[in-house]
Amino acid sequence: MLRRPLFWLLLLACVVLAARIAERGTWQFDATAQQHHSLSQAAQQALDQIGPGLDIVAFLPDYPISRAELEQQLAPYLAHPASPVLRYVDPLEQPDQATAMGMQRAGEIHLRSGDRREILTGFVPTAFDQALNRLALQGDRWIVQLVSAAPGGIDSSPLGMGTLAERAEQLGYRLLNLDPRRLDRLPDNTAVVLLVAPEVPLDNHTSAMLEAYLTRGGRLLWLAGGKEQGWAADYLAVTHHPGVIVDADAARFGLDTPANAIVEEWPEALLPFAPSAPAVLYRASALQHAAGTPWAVVGELRSGLRSWNETGPLTGRLRRDPDQGELSGPLTVGLALETREAPTARVLYLGSRYVFSNAQIGRLGNSELALGLLRWLTDNATLTALPDTPSHVIRWSPRVAATLGILLIGLLPITYLAFGLWWRRRRRRQ
C-alpha cells in the first residue's frame, strides 16, 4: 500500500535535491574547436595575476535581454576563482552616478583593479583579454628609447620602432623617445631603456647615466648591430665575433638572403611561452660573454646548427672558412644578463639592430619574441602574449574555397532546376 506514495515522495525529493545542486554549481562543456566559449590562456593568467578585487561595471539600461546577453558572454570570466564582480549602472535612471564614474557613452564596460582602470566601448573577447592583460601588468610601464646615438626613432620608417610601439601599447607599455643629452638622470618610472645600435661610442654622460640606472636595478634592451661598443665590453663584458651570421636554413623559411640568424629554441627562463614561429635576426653578430664579472648569463638565444659567422662578402656561393675565424653554429646571438647582487638589474643584449624594426618585426616570430622579452625584463614573463587576430576566424585552403564556389555557383542552381523539372513532370503524370 505504501510503495506507490513512497516512490512518488522519493522521486519528488530527488528532483528537489537535483534542483538545489544545480543552483549551487554548474557544469559546462565547450565543444567548439577553438574554445570560443572558454577563457583563453592569456585571460586565465591575467586573472590569476590580478587576483580578487576585479570590478566589472557595465553602463547598460535595465534591458533584460541586453544584460542577459552580456552575462552569458562574461560567464567564463565570472566563473574564474578570482571571482570578479559584475555590477550595472543604468545611465538613464542614474545619470549623475554614471557621469561621476567616468562614463562617456551608454554600453561602456569599465574594468577596475585597485587604482587602475580600463574602458571598453563594448564586449569583444580579444579587446577584453587585452584590457585584463594591461590591468595585470606589474611595475612601471615606460619604455624609454635613447635617440641621440642612433637613427630610427618611434616612426614608420624601415628602421623605426613605430610597429613595436603600437604592439607594446596594447600590452600597457608606453614607448617614447628621450635625448640623453638633455637628461640628468633617467626617469624613476622607466621600466626599460631601449638602445638601438649607436653609430658612435656612448659619451661619458650617457654611460654614467646608464650605469647609475642599472645600479638602481634598471632594465636595458640593447640592439647592438655589427659594431662592438666599448662600454658594453667594459661594463657588461660582452664582445662580438667578427663577421655577420649566415644560416643555410634561411631559404627554408622563405628568406631572400642567408644573412639571417634563425632562432628556433627558447630558454624557458626568458620565454615560458615560446613564440609560435622561429625568430629572424637580420645581419646579426655572434656574441660572447666573459665569466667572472658582476653579470651572470641567465639565458641565451642561439642560431641554428647550419649557421656560421661569415667574414667575407655576402655574395656568390658562401662556405665557412675556419682559417678566417669563422665558427660553426649554434652561435650566441642574444644574451640575458642579471647582476649577482640586489637590487637585481637585467640586460638583454641582442646581436642585431634590425630585429624589432618596422621592416623586420613582422617576420615569423619576431613580434612574439619582442613582447616576450619585454615581459621578462619587466618581471611579467608569466603573462601570455595575445593573438593579433580575432578569435572567430574561418580559414580554409584555396582548394576548399574553389570547391565551395563551384558548389554554390554551379551545382546548387542545377540541382534546384533538376528537382523542379522532376517535380513538375511527376505532377503532370498524376
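Residues numbered from 1 in each chain as written. Predicted model: local features only at pLDDT ≥ 70, side-chain atom pairs only at ≥ 80, totals over all residues. Heavy atoms only, no water.

S.K.: Tell me about the overall build of the protein chain, and please be specific about residues and values.
M.R.: Of the regular secondary structure elements, the protein chain holds ten helices and 17 strands. Whereas a compact globule of 430 residues would reach a radius of gyration of roughly 22 Å, the protein chain reaches 29 Å, over 25% beyond that. Seen through its C-alpha atoms, the protein chain measures out along the principal axes to roughly 100 × 65 × 50 Å. Put simply, the protein chain has 430 residues, and 43% of those count as buried. Contacts spanning at least 24 positions in sequence make up 70% of the contacts within the protein chain whose residues lie at least 6 apart. Looking at the protein chain as shown, the accessible area adds up to about 23900 Å², and 55% of this sits on carbon and sulfur atoms. Between the mean site of the 40 positive side-chain charges and the mean site of the 42 negative ones, the protein chain shows a separation of 14 Å. (Helix = DSSP H or I, 4+ residues; strand = E, 2+ residues; numbered from the N terminus. Rg over C-alpha atoms; globule rule 2.2 N^0.38 Å. Buried < 20%, exposed > 50% of the residue type's maximum accessible area, 1.4 Å probe, protein only. Contact = heavy atoms within 4.5 Å. Areas by Shrake-Rupley, 256 points an atom, 1.4 Å probe, with all protein chains shown as cover. Lys, Arg positive; Asp, Glu negative; His and termini not counted. Charge placed at Lys NZ, Arg CZ, Asp CG, Glu CD.)

S.K.: An account of helix H6 (residues 162-170) is needed here, citing residue identities and associated values.
M.R.: For H6, the set of buried residues is Gly162, Leu164, Ala165 and Ala168. The arc that holds every buried residue of H6, seen down its axis, measures 160°, which confines them to one face. In this structure, the buried residues of H6 make contact with strand S5 (142-146), strand S6 (174-178) and helix H9 (366-377). The positive-phi residue at the C-terminal boundary of H6 is Gly172, with phi of around 110°. (Arc of directions from axis to C-beta.)

S.K.: Go over the confidence of the model for the protein chain, please, and point to the residues and values.
M.R.: Mean pLDDT over the protein chain works out to 83, with 90% of the residues at or above the 70 mark. Considering each helix and strand of the protein chain separately, the mean pLDDT is smallest for helix H1 (residues 3-24), with a value of 74, and largest for strand S1 (residues 55-58), with 94. Low pLDDT, under 50, characterises residues 387-392; the predicted model gives this stretch nine contacts beyond four residues in sequence or across chains. (pLDDT = per-residue confidence, 0-100.)

S.K.: Now, about the sheet that holds strand S2 (residues 85-88): what can you tell me, with residues and values included?
M.R.: Overall, mixed pairing links the four strands, which are arranged S2-S1-S3-S4 in an open sheet. The open sheet has two edge strands, S2 and strand S4 (116-120), and neither has a second partner. When the angles between neighbouring strand axes are averaged without regard to direction, this sheet yields 20°. Both S1 and S2 contribute to a ladder of four bridges, which runs parallel. Considered in S2, the bridge of Val57 is made with Arg87. In the packing of helix H3 (residues 64-78) onto the sheet, the strands contacted are S1, S2 and strand S3 (109-113), and the crossing angle to S2 comes to about 160°. (Pairing = 2+ DSSP bridges. Axes fitted to C-alpha atoms, helices over the stretch in contact; angles between N-to-C directions.)

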